[in-house]
Every structure is written in structure tokens, then in C-alpha cells.
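Structural overview for review
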Amino acid sequence: MAAIQLVVFDMAGTTVQDHHEVEKCFAQACRDTGLVVSDERILALQGYAKNKVFQLLWSEQIGEEHPEYTENVALSYDTFRLILEEHYRLNPVLPTEGCLETLAWLREKNIKIALTTGFYRKVTNLILDKLGWLNGLDANYLNTSGQSIIDVSIASDEVPMGRPEPYLIQRAMRLLNVSDPLQVINIGDTPSDLKSGIRARVKYSLGVINGTHTKQQLAIYRNDGLLPNIAAIRDFID
């Protein structure tokens with residue numbers, strides 16, 4: 001059996017505490033720009049690149065052929081960006097339960113650590129900076145110094161398509177010189193996280209149930225395990 005060389009973590013809800021703040025920011029942007037969408041629908045689309053979500057939702061509401069479709073998508077996305085950036089500037093950002101201990105344990109095992117996210121780079125950096133996780137990363141967000149708590153950070157605007165496509169995981173593998181997906185674990189707290197791991201053909205695509213989704217909400221999607229928190233990933237490695 002191939003040994004695990006890389007663990008790919010989601011950020012909000014998986015390694016970074018998220019008590020549905022992102023959903024609230026998204027819902028506010030929808031209200032402010034006339035986009036009618038339920039809280040359940042917003043939750044179901046967590047983890048996807050947000051500009052793609054606005055495209056989908058406006059397409060459902062007025063259709064892509066509507067003369068105001070493109071303008072409405074841009075307005076909703078720009079509004080969301082302003083609300084989200086303000087939220088992360090003004091509020092504390094904390095790691096999830098067991099996160100720091102798990103990252104330290106992986107480092108001791110010489111297993112590489114990648115953080116991926118549906119956020120774009122500006123918000124990703126706001127979060128990483130508040131956590132102190134930007135320290136040691138170079139201009140390409142790689143841990144070339146050997147001093148960072150992670151090995152690479154990848155945002156959704158740095159790949160052709162975000163989740164549920166596998167590109168975030170595949171980019172992490174390329175940058176960290178891991179060629180075999182059977183040496184990779186992917187872990188997140190949303191259906192799109194699970195789907196991206198399955199599509200990347202990783203060894204294990206795991207979910208955590210202490211983030212934005214419950215065990216019942218994630219269990220209907222294909223997965224290789226649903227964990228109470230990311231610390232339980234040790235069982236899949238040991």
C-alpha cells in the first residue's frame with residue numbers, strides 16, 4: 001500500500017472555524033442585490049467558487065439570456081466580496097478543534113500539508129494572515145523556507161475551475177511533487193469537498209461533521225469516512 005504523502009485540507013469549516021458566517025455574508029449579498037434564494041440552497045452550495053454560484057443562481061432566477069444576467073451576476077459577486085472582506089477584517093479568525101495539533105502531527109510524520117479553498121486569493125490571505133499561517137510562504141504561497149505551518153495555499157482563482165472539480169487538489173499535488181493520487185487524502189466539510197476528492201481519485205475523500213454540514217447532510221454523498229473533527233484523520237494514516 002502506498003504511504004500517504006499529502007493531506008489536502010479545506011479552510012472555512014474544516015481548518016478554520018466557520019459558524020455559518022460565510023453563508024450569512026452570501027445571504028446578505030443576495031438580499032442586497034435582489035437574488036431570491038433559500039438558506040438551504042446556500043448551504044448546499046458551500047465550498048463552490050462563489051462567482052460560479054452567483055452565475056448558477058441568477059441563471060435559475062432569470063435565465064442566462066436575460067439582458068441583465070451578466071450585470072446582476074457581477075453586482076451580486078462584487079457585493080459579496082465587499083461584505084466578506086469586511087467580515088474577515090473586523091472579526092477574529094480561529095483554527096478548528098484539533099487543527100493545530102493535527103498539522104503538527106503531520107509535520108512530524110513528514111507528510112505534506114495543502115490548504116485549498118473556494119475563496120479567492122485576497123480573502124484567503126486575510127484569513128491566513130490573521131492565523132499567522134502566511135509566515136514562511138513565498139510569493140507563490142509555497143513553504144520554500146521550511147518555516148510555515150503548511151506547505152502550500154491554493155485559492156479558487158488560481159485554478160481553471162473550483163470545486164467540485166479536482167483542480168485544487170491536482171495543483172497541490174503538482175506544486176508539492178506528489179504524482180500518485182493514492183498517496184493523497186482530501187478532507188473538508190461540504191459536499192463539494194467530498195466530490196472534488198472523489199474526482200481527483202485520491203486514496204481517501206473524507207468529511208468532517210463539526211463544520212458547516214452535519215453527518216446526516218454529508219452521509220448522502222459518496223465519501224470514504226465522516227469524522228468528528230480533523231484530528232481523527234490520524235486513524236486513516238496510522
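For the structure, see preceding data.
Residues numbered from 1 in each chain as written. Predicted model: local features only at pLDDT ≥ 70, side-chain atom pairs only at ≥ 80, totals over all residues. Heavy atoms only, no water.

1. Thoughts on the overall build of the protein
- Each helix and strand in the protein was counted, giving 10 helices and 6 strands.
- Scaling as 2.2 N^0.38, a compact globule of 238 residues should have a C-alpha radius of gyration of about 18 Å, and the protein matches this with 17 Å.
- The burial tally for the protein puts 53% of its 238 residues in the buried class.
- Here the protein displays about 10900 Å² of accessible surface, and carbon together with sulfur accounts for 49% of that area. (Helix = DSSP H or I, 4+ residues; strand = E, 2+ residues; numbered from the N terminus. Rg over C-alpha atoms; globule rule 2.2 N^0.38 Å. Buried < 20%, exposed > 50% of the residue type's maximum accessible area, 1.4 Å probe, protein only. Areas by Shrake-Rupley, 256 points an atom, 1.4 Å probe, with all protein chains shown as cover.)

2. With respect to the nonpolar core
- Counting residues in each nonpolar core, the largest one holds 54 residues, and the members touching the most others are Val7, Phe9, Phe54, Tyr88, Ile127 and Ile187.
- Look past the residues within four positions of Phe9 in its chain and what remains in contact with it is Thr15, Thr102, Leu103, Leu106, Ile113, Ala114, Leu115, Thr116, Ile187 and Ile230.
- With 16 residues, the next largest nonpolar core counts Val8, Val152, Val159 and Val202 among its residues. (Core = buried A, V, L, I, M, F, W, Y, C linked by side-chain atoms within 4.5 Å. Contact = heavy atoms within 4.5 Å.)

3. Some remarks on helix 8 (residues 191–199)
- Residues Pro191, Ser192, Asp193, Leu194, Ser196 and Gly197 constitute the buried set of helix 8.
- At its buried positions, helix 8 is contacted by strand 1 (6–10), helix 7 (167–175), strand 4 (184–188), strand 5 (204–208) and helix 9 (215–219).
- A positive backbone phi angle near 60 degrees is found at Arg201, which sits one or two residues after helix 8.

4. Observations regarding helix 4 (residues 69–90)
- Its 22 residues give helix 4 an end-to-end C-alpha distance of 32 Å, which sits within 8% of 32 Å, the value for a rise of 1.5 Å per residue.
- Looking at helix 4, one finds that the buried residues are Tyr69, Asn72, Val73, Ser76, Tyr77, Thr79, Phe80, Ile83, Leu84, Glu85, His87 and Tyr88.
- Here the buried face of helix 4 lies against helix 1 (21–32), helix 3 (50–62) and helix 6 (121–131). (Expected span 1.5 Å × (residues − 1).)

5. As for unusual backbone geometry
- The residue after Arg163, namely Pro164, is reached through a cis peptide bond having omega 10 degrees.
- Along the chain, the position of Pro164 falls in the loop between strand 3 (152–154) and helix 7.
- Phi is positive for His20, which is not a glycine, with a value near 70 degrees.
- Its place among the elements puts His20 in the loop between strand 1 and helix 1.
- A positive phi angle is found at Asn177, which is not glycine, with a value near 60 degrees.
- For Asn177, the position within the fold is in the loop between helix 7 and strand 4.
- Classification of Asn177 by relative accessible area gives exposed; the value is 69%.

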